[in-house]
Amino acid sequence: MSTMARIAVTVGVTTVFTAASTLSAAARTPEPKAPGEFVSLSSVDPTIIQEMRYVSAHNFIGERIDGYRQPVCILTRPAAQALHRAQRRLVHQGYSLKVYDCYRPQRAVDHFVRWAKDLSDERRKAEFYPRVDKSRLFEDGYIAEKSGHSRGSTMDLTIVPLPAVPAPPPVPGQESVPCYAPQAERYPDNSVDMGTGFDCFDTLSHTDDPRVQGKQRAHRLLLKTTLAAEGFVNPPEEWWHFTHKPELFPDTYFDFPVARRSVSGHRP
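None of the values given here were measured: they were computed from a predicted structure. (Residues numbered from 1 in each chain as written. Predicted model: local features only at pLDDT ≥ 70, side-chain atom pairs only at ≥ 80, totals over all residues. Heavy atoms only, no water.)

(A) Layout of the overall build of the protein. When its secondary structure is counted, the protein shows 6 helices and 7 strands. Seen in sequence order, the protein has helices and strands lined up from the N terminus as α-β-α-β-β-α-β-α-α-β-α-β-β. Among the 268 residues that make up the protein, the fraction classed as buried is 47%. Within the protein, residue pairs in contact and separated by at least 24 positions form 74% of the contacts whose partners lie at least 6 positions apart. Per element, the accessible surface of the protein, about 12,900 Å² overall, is 59% carbon and sulfur. (Helix = DSSP H or I, 4+ residues; strand = E, 2+ residues; numbered from the N terminus. Buried < 20%, exposed > 50% of the residue type's maximum accessible area, 1.4 Å probe, protein only. Contact = heavy atoms within 4.5 Å. Areas by Shrake-Rupley, 256 points an atom, 1.4 Å probe, with all protein chains shown as cover.)

(B) Representation of the state of the cysteines in the model. Taken as a whole and judged by the stated rule, the model has 2 disulfides. Each sulfur of the disulfide joining C179 and C200 lies 2.0 Å from the other. Classification of the bridge connecting C179 and C200 rests on its S-S torsion, roughly 65°, and on that basis the disulfide is right-handed. Taken together, the positions of C179 in the loop between β5 (154-161) and α6 (214-228) and C200 in the loop between β5 and α6 put the pair 21 residues apart, joining distant regions of the chain. The pair C179 / C200 is uniform in exposure class, with both members buried. Within the protein, bonded cysteines paired by disulfides and numbered along the sequence follow the pattern 1-2, 3-4. (Disulfide = S-S within 2.5 Å.)

(C) Structural detail: the pattern of salt bridges. With the rule as written, the count across this model stands at 24 salt bridges. With a shortest N-O distance of 3.6 Å, E31 and R107 are connected by a salt bridge. On the criterion of sequence distance, the pair formed by E31 in the loop between α1 (3-28) and β1 (38-40) and R107 in helix α4 (residues 106-117) is long-range, its members being 76 residues apart. Residues R136 and D140 are paired through a salt bridge, measuring 2.7 Å at the closest nitrogen-oxygen approach. (Salt bridge = Lys/Arg side-chain N within 4 Å of Asp/Glu carboxyl O.)

(D) How the structure looks around the packing of aromatic side chains. Across all of its chains, the model carries 20 aromatic pairs by this definition. Here F38 and F249 contribute two aromatic rings whose centre-to-centre distance is 5.7 Å and whose plane-to-plane angle is 15°, an arrangement assigned as stacked. Residue F38 is found in strand β1, and its partner F249 is found in the segment after β7 (241-244); the two are separated by 211 residues along the sequence. Take F38: its relative accessible area is 0%, and that puts it in the buried class. F249 gets classed as buried once you look at its relative accessible area, which sits at 16%. Taken together, Y54, F60, Y68, Y100, F112, W115, Y129, Y142, F198, F201, W239 and W240 form an aromatic cluster joined through their ring pairs. Above the ring of Y180, the side-chain terminus of R131 is found at 3.8 Å from the ring centroid. (Phe/Tyr/Trp six-rings, centres within 6.5 Å; stacked < 30°, edge-to-face > 60°. Lys NZ or Arg CZ within 6 Å of the ring centre and 35° of its normal.)

(E) Fine view of the sheet that holds strand β4 (residues 95-101). Strand order across the open sheet formed by 5 strands is β2-β4-β5-β7-β6, with mixed pairing between neighbours. Two strands close off the open sheet at either side, each with one partner strand: β2 (49-50) and β6 (232-233). One ladder, built from 6 bridges, connects β4 with β5; its direction is antiparallel. In the strand pairing of β5, D101 is matched with D156. Strands β4, β5, β6 and β7 of the sheet are contacted by α6, whose axis makes an angle of about 125° with β5. (Pairing = 2+ DSSP bridges. Axes fitted to C-alpha atoms, helices over the stretch in contact; angles between N-to-C directions.)

(F) Spatial organisation of the pairing of β5. Here β5 lies mainly inside the structure; 7 of its 8 residues are buried. Two strands pair when backbone bridges link them, and β5 and β7 are joined in this way by 3 bridges, in the antiparallel orientation. In the strand pairing of β7, D156 is matched with H241.

(G) Broad picture of α6. Across its 15 residues, α6 extends 21 Å between first and last C-alpha, which sits within 8% of the 21 Å expected from 1.5 Å per residue. On its buried side, α6 packs onto α3 (77-91), β4, β5, β6 and β7. (Expected span 1.5 Å × (residues − 1).)

(H) Spatial organisation of unusual backbone geometry. Residue P163 is reached from L162 by a cis peptide bond, and omega for that bond is 0°. Note that P163 resides in the loop between β5 and α6. Here the residue pair K245 and P246 is connected by a cis peptide bond, since its omega of -5° sits within 30 degrees of zero. Position of P246 among the secondary structure elements: in the segment after β7. Backbone geometry at D199 places phi at a positive 60°, although glycine is not the residue there. Position of D199 relative to the elements: it lies in the loop between β5 and α6.

Here you go:
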């Protein structure tokens, strides 16, 4: 073998060894864990129903979202404890809280942003944003590069009548029914009728939209007033979105995964 050939073989072997070492080191790098101020909601109140939408494909993108490893609600301890107090109020009235999303890692927000910039991907437009042009999702405030969810004290939730029964399975075609259609027609949920489904990108989702009346309005006000009594603030654009104040981490956007391991060993 010539000197040049030996050099080439040596370089090739070294490159492969270096790449393998890099991959091995990456595999050994542990995922970040949550600070001790974060807990799983179920450790504080196991009676609150959890239907974590971004672990499944039934969401406005149509696939599991980055960073969601397990269907577990993670929150800062004060936010979880405040939800527990709100739950006790609602149970006495024949209802339970149900969370759709809680802490959201920054990598999930980045997933939302990449999807929003891809104007060709409109798999779930018919259900979640039928009246909104996808090119306007940033301008209209539906998608942003930072989310309060990543700070750990914000959650998306609704109320469910007790005794809670599972939602029936969807029938063919229901994934194309607009999220503001009558409750019996849209994708099934076991919650009370809020006038729209969760994550409905439409002005009808505004908490106090005057077009929403009767039982739908009463349900929204029940959720809002019950949570407000425990220190939660609801922005006017989304009836399901609440932030517990004061926030423990008002300026920090975390990126640990949504997984039980992230809060293992944390006291309730």
